[in-house]
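# Report on the structure
Single-letter residue listing:
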Amino acid sequence: MDTSMQMKMLMDMRRVRKMEEVCAELYTKEKIRGFLHLYIGQEAVAAGVINLLNAKDNVIATYREHAHALLKGISSRAIMAELFGRIDGCSKGRGGSMHLYSVENRFFGGGAIVASGVPQSLGLAMASKRLKERRRTVCFFGEGAMAEGVFHESMNIASLWHLPVLFCCENNLYAMGTSLMRSQSQTDLVKRAQVYVMEANRVDGMNIFDVVEKTKQALEYIDRESKPFFLEFQTYRFRPHSMYDPEKYRGKAEVEKWKTRCPIEALEKKMKEQNILSDEQLRDMDRQIDQELRDAVIFADSSALEISSDLEKDVFAPMKDQAYETHL
Ligand SMILES: Cc1ncc(C[n+]2csc(CCOP(=O)(O)OP(=O)(O)O)c2C)c(N)n1
């Protein structure tokens, strides 16, 4: 990675980290309500992968998707307004934290259901293949998704039909309070992907250089062969699963140990050692990010709630459907 790319990665990871910290604060002030799943600790995965994509590539993720949405180009204003449940949010305030979405940015969610993005990624990839658009589809999910039946059906079809999907498993070791070791017989996730005759690789998800190198190789393979590729990113979330998690399933010492591998601090240290990053540049970055986030929060707070007469817009079944009411 050249200096400007390292700088971009650092900026993106810090933007994501700060946005998430602001979200946590706004949650305690009840500006953001409902579920909120923070990505803190895992930033190198989204930053490393998404920075290698083209604007026309598709991304689909999970409910822990603020980072992916931001880095795929949804503005912090539209994300923050969505988290506030306001009309100017990227999903018009109807989705909230777990349902960020933007066709324009080719970001297809955000979804509350574990593994739901996996079969959807096949549809996106099949469409682009049929239309000869040469888009890649990148699907992010947690290791918990690999326990779902639909994950295995999707891996089989993706491999059989040669669909150009990059499967990015963010293995943070826990699916809510259940550790991988306690729930799966085969904990080698790369081996589990290879069962489907699919190329697969393991990545140090706390190391941006490893993320970039292995993702590059995977994307080159997808471009060359038009076949899927599976990457397991070994990573860790520093925060609880969501804002309502007493964290009884892991010890403080384990969390502290992983924090010493913080991907942002690691990159900063490396860049400073190479004399390509100064404290002044870091302060500049902070100033820019703080300004962006302050602006996003003001924007979100001044955005309106949807008017109640619009409640039936964009839903499949009208609420006041005569036949439906009679049927009841
Ligand atoms: C089909 C389904 N089953 C259960 C849940 C409840 N649930 C929400 S998050 C979660 C854990 C998923 O963990 P993982 O896929 O590893 O992602 P992470 O939260 O670690 O990012 C579960 C079981 C759900 N949302 N959907």
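Residues numbered from 1 in each chain as written. Predicted model: local features only at pLDDT ≥ 70, side-chain atom pairs only at ≥ 80, totals over all residues. Heavy atoms only, no water.

### Let's talk about the overall build of the protein
Heads up, the condition is: Every helix listed is a DSSP run of H or I at least four residues long, and every strand listed is a run of E at least two residues long, numbered separately from the N terminus. With the radius of gyration taken over C-alpha atoms, the globule rule is written as 2.2 Å times the number of residues to the power 0.38. Think of it in three bands: with a 1.4 Å probe and only protein chains considered, a residue is buried below 20% of the maximum accessible area for its type, exposed above 50%, and partly exposed in between. Contacts are residue-level and defined by heavy atoms, with any inter-residue pair within 4.5 Å sufficient. Computed with a 1.4 Å probe, the accessible areas rest on the Shrake-Rupley method; for each residue, only the protein chains presented here act as cover. Under the convention used here, Asp and Glu are negative, Lys and Arg are positive, and both His and the chain ends fall outside the count. Each charge is placed at NZ for Lys, CZ for Arg, CG for Asp and CD for Glu.
Assigned secondary structure in the protein consists of 13 helices and 7 strands. What you see for the protein is a C-alpha radius of gyration of 20 Å, in line with the 20 Å of a compact globule of 328 residues. In terms of overall dimensions, the protein has a C-alpha envelope of 70 × 50 × 45 Å along the principal axes. In the protein, which comprises 328 residues, the share counted as buried stands at 50%. Partitioning the contacts of the protein with sequence separation of at least 6, the portion at a separation of at least 24 is 73%. Accessible area of the protein: about 16,100 Å², with a carbon and sulfur share of 52%. Taken as two groups, the 46 positive and 47 negative side-chain charges of the protein have centres that lie 2 Å from each other.

### Observations regarding the packing of helix 1 (residues 3-28) against helix 11 (residues 263-273)
Note the cut-off: Structural elements are reduced to axes, namely lines fitted to C-alpha atoms, with helices fitted over the stretch in contact, and the angle between N-to-C directions of any two is expressed from 0 to 180 degrees. For classification, angles of less than 35 degrees are called roughly parallel, those exceeding 145 degrees roughly antiparallel, those between 65 and 115 degrees roughly perpendicular, and all remaining angles oblique. Should the near helix be turned anticlockwise from the far one by less than a right angle, the crossing is termed left-handed; should it be turned clockwise, right-handed. Throughout, the ten residues Ala, Val, Leu, Ile, Met, Phe, Trp, Tyr, Cys and Pro are labelled nonpolar, Asp, Glu, Lys and Arg are labelled charged, and all others, Gly among them, are labelled polar.
Contact geometry of helix 1 with helix 11 gives a least axis separation of 10 Å together with a crossing angle of 150°. Classed by the angle they form, the pair helix 1 and helix 11 counts as roughly antiparallel. Viewed along their axes, helix 1 and helix 11 form a crossing whose handedness is left-handed. Contact residues: helix 1 offers Q6, M7, M9, L10, M13, R14 and R17, while helix 11 offers P263, I264, L267, E268 and M271. Looking at the contact of helix 1 with helix 11, its residues break down into 8 nonpolar, 1 polar and 3 charged.

### Things to note about the site of the ligand
The criterion, for reference: It suffices for a single heavy atom of a residue to lie within 4 Å of a molecule or strand for the residue to be listed as near it. In the analysis that follows, any N or O atom pair within 3.5 Å is treated as a polar contact, provided that within protein one partner can donate a hydrogen and the other can accept it, and provided that, for residues neighboring in sequence, both atoms belong to side chains.
Y63, R64, A112, G144 and N172 are the nearest of the 15 residues found near the ligand. Within the contact set of the ligand, an oxygen atom lies 2.8 Å away from a side-chain nitrogen or oxygen of R64. Note that an oxygen atom of the ligand is positioned 2.8 Å from one of the backbone N or O atoms of G144. For the ligand, whose free accessible area comes to 590 Å², the fraction covered by protein is 73%.

### With respect to the state of the cysteines
This is how it is decided: We call a pair of cysteine sulfur atoms a disulfide when they lie within 2.5 Å.
By the definition in use, this model includes 0 disulfides. Distance from the sulfur of C139, which forms no disulfide, to the nearest cysteine sulfur (C168) is 7.9 Å. In this structure C262 is not part of a disulfide, and its nearest cysteine sulfur, from C23, lies 17 Å away. For C262, a relative accessible area of 3% gives the class buried.

### Considerations on unusual backbone geometry
Here the phi dihedral of A115 falls at roughly 80°; this positive angle occurs in a residue that is not glycine. Looking at where A115 falls in the secondary structure, it is placed in the loop between helix 4 (76-83) and helix 5 (117-130). For A115, a relative accessible area of 8% gives the class buried.

### Considerations on the environment of L277
As for its placement among the helices and strands, L277 is situated in the loop between helix 11 and helix 12 (279-302). Classification of L277 by relative accessible area gives buried; the value is 8%. The sequence separation of L277 and K72 amounts to 205 residues, and the corresponding C-alpha distance is 25 Å. With sequence-adjacent residues up to four places away left out, L277 is seen in contact with M7, L10, E268, M271, K272 and L282.

### Remarks on the sheet that holds strand 7 (residues 229-234)
Here is the rule we go by: Any two strands between which DSSP finds at least two bridges are classified as paired.
Reading across the sheet, the 5 strands line up as 1-2-3-7-6 and stay open at both edges, with parallel pairing between neighbours. The open sheet has two edge strands with one neighbour each: strand 1 (58-60) and strand 6 (199-204). Mean inter-strand twist for the sheet, computed between neighbouring axes without regard to direction, equals 20°. Its contacts with the sheet place helix 2 (residues 43-50) against strand 2 (137-142), strand 3 (165-171) and strand 7, and it is angled at close to 175° to strand 2.

### Things to note about a nonpolar patch on the surface
Here is the rule: Grouping into patches uses exposed residues only, defined as over 30% relative accessible area, and leaves out salt-bridged ones; the cut-off is 9 Å for like charges and 5 Å for nonpolar side chains (Val, Leu, Ile, Met, Phe, Trp, Tyr). Salt bridge criterion: a side-chain nitrogen from Lys or Arg within 4 Å of a carboxyl oxygen from Asp or Glu.
A contiguous nonpolar surface patch, about 330 Å² in accessible area, is contributed by F35, M243 and Y244. For Y244, a relative accessible area of 56% translates into the label exposed.

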